[in-house]
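# Topology and contacts: notes
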Amino acid sequence: MSKEIKSSVPADREVIVGILNDSKTTLNQLYKSYFPMVLQFVLNNNGNEDDAKDIFQESVIVLYSKVKSGGFELNSKLKTFIYSVCRRLWLKRLNQKSRNIHGELLDLENLESVEQDLAYHEEKDAQFRQMEKALLQLGEPCKTIIEDYYMQNRSMQDISEKFGYTNADNAKTQKYKCLQRLKKLFFQV
Amino acid sequence: MKSEIELLNLIEAYLKGELSSEEHAAFEKLRNDDPSIDHRVVEHQNFINTITEYGQRKQLIADMEAAYQHLDIEEIKANVLPVSVKIRTLFRKYRFNTAIAATVALVTVFATLLSTGYFSKTITNNYSALRRDINNIKRSQNELIKGINDIPDKGPVNPGEFGGTGFALSSNGYVITNYHVVKDADSVYVQNSDGESFKVKQIYVDPAYDIAVLQIVDSRFKSLAALPYTFKKSGSDLGEDVYTIGFPRDDRVVNRGYLSSLTGYAGDTIAYQVDISVNPGNSGGPLLDTKGNVVGIINAKQTQTEGAAFAIKSNYILQSIGAIPQDSLDTKLTINKKNSMSGLSRTDQIKKMESYIFMVKVY
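Residues numbered from 1 in each chain as written. Chains lettered and ligands numbered in written order. Predicted model: local features only at pLDDT ≥ 70, side-chain atom pairs only at ≥ 80, totals over all residues.

## Here we look at the overall build of chain B
The helix and strand inventory of chain B stands at 9 helices and 15 strands. Relative to its full complement of 363 residues, chain B shows a buried share of 31%. Within chain B, residue pairs in contact and separated by at least 24 positions form 67% of the contacts whose partners lie at least 6 positions apart. (Helix = DSSP H or I, 4+ residues; strand = E, 2+ residues; numbered from the N terminus. Buried ≥ 20, exposed ≤ 12 C-beta atoms within 10 Å, placed from the backbone. Contact = placed C-beta atoms within 7 Å.)

Put into structure tokens, the structure is as follows:
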């Protein structure tokens, strides 16, 4: 009934090294190798391609955070991991939309238990949304200062030049105030 | 305020490893000595982690969007879409057309069945109501009665299409029989033991209990004497001896038997099962006990079972008669309450009753 998906699959170990190095090639490979499987699964279970895209994205995030925290052990295939995560995520979404009338999914691959990873992911996901909201409320120029300093890892010198502060100390004071406000917003939400 | 900023800068420098080794050692000591500073360090570190994780994830999402754009979704979709999904898509597209077509088909089928009378024929096959199809008999005996049927002034000579039995409810001309006997009738006559026919009209039918009440409207009819029998109000007992008088042919026939069950066909509680031999034409006949009480009205028998006839219970008959609106009647219908046959032998009872039992002829 379902066709076998043929594509070159990179060795799992290579992928993990690539993830640790934030390699864009690895990410492209992940998409090329595993997205068709997820698309097939979602299409077979009352979803469309946008659903598949969201689900797959979320599963990659789960994979990245697991690999980066050093918790990914190659005791199972990467494919199985991604499939299991996607399956769980999709089941949850179906239940929310109550579109899953039969309460059964048409399975295409083997499964493994990903409960813990997903619980961890949900926690992180909540944090992510909270931070997103807090940064949005923070407004400019604070948002950019924080992003430049903490995410892009730019030096205070660069930042003070970019924003036209007379010296790095003024920029530091500004950054301090921004950070305090962000903290307040983040924990208050 | 100033010191707060300095402390934070110090913590950041410490976390980033920008401090010189002496400064680092000094800060470590400060952290060890002052738990509140230690607490601040951990708290700050966590918060910075959250921010960097947020940044990483945002970056990852952007990268993924880019990677997704590289894919040829349509092609992948065509490759992975299994046949069943294609069928499902087709089904989704055409399900309304299919539903309408199916509805039309169903309506057609039922309309055809209805118009050909399929549903009205579904009476259980092995249950036969005991009215007599006189035409059959007429045909087989036509030659025998030819030439002798010129009885003048006694109503129609045609024996009718169907026949059954009825008996008087009251002396002023009310007769009870089965609903199925007079159903779909053009006109109904009753014929007494002397062979006189009287025209009757249906004044009440109760299809649920299979009961019809007729009234003799013929001018030649004279009131009967007081009825010798009465309806038994209470239920009867199993095994009780009963008999019936009816017209399974053109003359009275008496059959006897006993109550064999307190429920009728398929557990019907309004009827008794009676072990009695009855035939088409017995329908509507009274079922009497040894004292001359009417305990029921014969209405049917089971065709594939020996000795299983059915009679509607007298209390249901009374109930049904009680439901007749008295205002709609020309003359009052009073049910006789006095039984004058209880001490008589069966032959005397039959003799006394004969003028109250009628053959019902249906045209």
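Next comes the rest of the write-up.
## Focus on the interface of chain B and chain A
Chain B puts 29 residues into the contact, and the matching count from chain A is 32 residues. Secondary-structure elements contributing two or more residues to the side of chain B that touches chain A are α1 (2–16), α3 (35–70), α4 (73–80) and α5 (83–115) of chain B. Broken down by element, the residue count for the side of chain B that touches chain A peaks at 15 residues, all from α3 of chain B. Its residues assigned to classes, the side of chain B that touches chain A comprises 19 nonpolar, 7 polar and 3 charged. (Nonpolar A, V, L, I, M, F, W, Y, C, P; charged D, E, K, R; others polar.)

## Re the confidence of the model for chain A
All names here are of chain A. For chain A, the average pLDDT comes to 79, and 85% of its residues sit at 70 or higher. Of all the helices and strands in chain A, helix α7 (residues 156–163) carries the lowest mean pLDDT, 79, while helix α3 (residues 49–68) carries the highest, 87. Confidence drops under pLDDT 50 across residues 1–7; counting only partners more than four residues distant or on other chains, this segment forms 17 contacts. (pLDDT = per-residue confidence, 0-100.)

## As for the pairing of strand β4 (residues 174–177) of chain B
Residues and elements named next belong to chain B. Of the two faces of β4, the one holding Tyr174 and Ile176 and the one holding Val175 and Thr177 are both buried throughout. Two strands pair when backbone bridges link them, and strand β3 (residues 162–168) and β4 are joined in this way by 2 bridges, in the antiparallel orientation. By the bridge assignment, alanine 168 is partnered in β4 with valine 175. Here β4 pairs with strand β7 (residues 211–216) via 4 bridges, running antiparallel. Along β7, the bridge assignment pairs tyrosine 174 with glutamine 215. (Pairing = 2+ DSSP bridges.)

## Some thoughts on the pairing of β3 of chain B
All names here are of chain B. Taking burial as the measure, the 7 residues of β3 include 7 buried ones, the bulk of the element. On β3, burial covers both faces: Phe162, Gly164, Gly166 and Ala168 on one face and Gly163, Thr165 and Phe167 on the other are all buried. Inspection of the sheet shows strand β2 (residues 132–133) paired to β3 by 2 bridges, in the antiparallel sense. Bridge assignment links arginine 132 to a residue of β3, and that residue is glycine 163. Sheet analysis places β3 next to strand β15 (residues 357–362), joined by 6 bridges and oriented antiparallel. Across the sheet, the residue bridging to threonine 165 is methionine 359, located in β15.

## Regarding the packing of helix α2 (residues 24–44) of chain A against α4 of chain B
Geometrically, a packed helix pair is captured by the angle between its two axes and the distance between the axes. Close contact between α2 of chain A and α4 of chain B brings their axes to 9 Å; oriented N to C, the two are set at 60°. Here α4 of chain B runs oblique to α2 of chain A, going by the angle between their axes. For α2 of chain A against α4 of chain B, the interelement crossing comes out right-handed. Residues Phe35, Pro36, Leu39, Gln40 and Leu43 of chain A of α2 of chain A touch α4 of chain B, and the partners they reach there are Ile76, Lys77, Asn79 and Val80 of chain B. The class makeup of the residues in the contact of α2 of chain A with α4 of chain B is 6 nonpolar, 2 polar and 1 charged. (Axes fitted to C-alpha atoms, helices over the stretch in contact; angles between N-to-C directions. Parallel < 35°, antiparallel > 145°, perpendicular 65-115°, else oblique. Left-handed = near helix turned anticlockwise from the far one by under 90°.)

## What to know about α3 of chain B
The first and last C-alpha atoms of α3 of chain B sit 52 Å apart over 36 residues, in line with the 52 Å expected at 1.5 Å per residue. For α3 of chain B, the complete set of buried residues consists of Ile51, Tyr54, Met64 and Ala67 of chain B. Contacts from the buried residues of α3 of chain B go to α2, α3, α5 (115–138) and α6 (142–151) of chain A. (Expected span 1.5 Å × (residues − 1).)

## Description of the packing of α3 of chain A against α3 of chain B
Packing of α3 of chain A against α3 of chain B leaves a shortest axis separation of 11 Å and a crossing angle of 135°. By the angle between their directions, the pair α3 of chain A and α3 of chain B is classed as oblique. For α3 of chain A against α3 of chain B, the interelement crossing comes out right-handed. Contact with α3 of chain A, carried on its side by Lys53, Gln57, Val60, Ile61 and Tyr64 of chain A, involves Arg57, Leu60, Ile61, Met64 and Tyr68 of chain B of α3 of chain B and no other residues of that element. Classifying every residue of the contact of α3 of chain A with α3 of chain B gives 7 nonpolar, 1 polar and 2 charged.

## A look at the environment of glycine 235 of chain B
All names here are of chain B. Looking at the secondary structure, you find glycine 235 in the loop between β8 (230–231) and β9 (241–246). A residue is classified by how many C-beta atoms lie within 10 Å of it, and glycine 235, with 12 of them, is exposed. Not counting residues up to four positions away in its chain, the partners in contact with glycine 235 are Lys313 and Asn315.

## Side note on the nonpolar core
Core analysis: the largest hydrophobic core is formed by 58 residues, its most contacted members being Val175, Val190, Val274, Leu287 and Ala311 of chain B. Setting aside chain neighbours within four positions, we find valine 190 of chain B in contact with Gly166, Val175, Phe198, Val200, Leu214, Ile216, Phe358, Met359 and Val360 of chain B. If you look at the next biggest cluster of nonpolar residues, it comprises 34 residues, including Val15, Leu63, Tyr64 and Leu78 of chain A. (Core = buried A, V, L, I, M, F, W, Y, C linked by C-beta atoms within 7 Å.)

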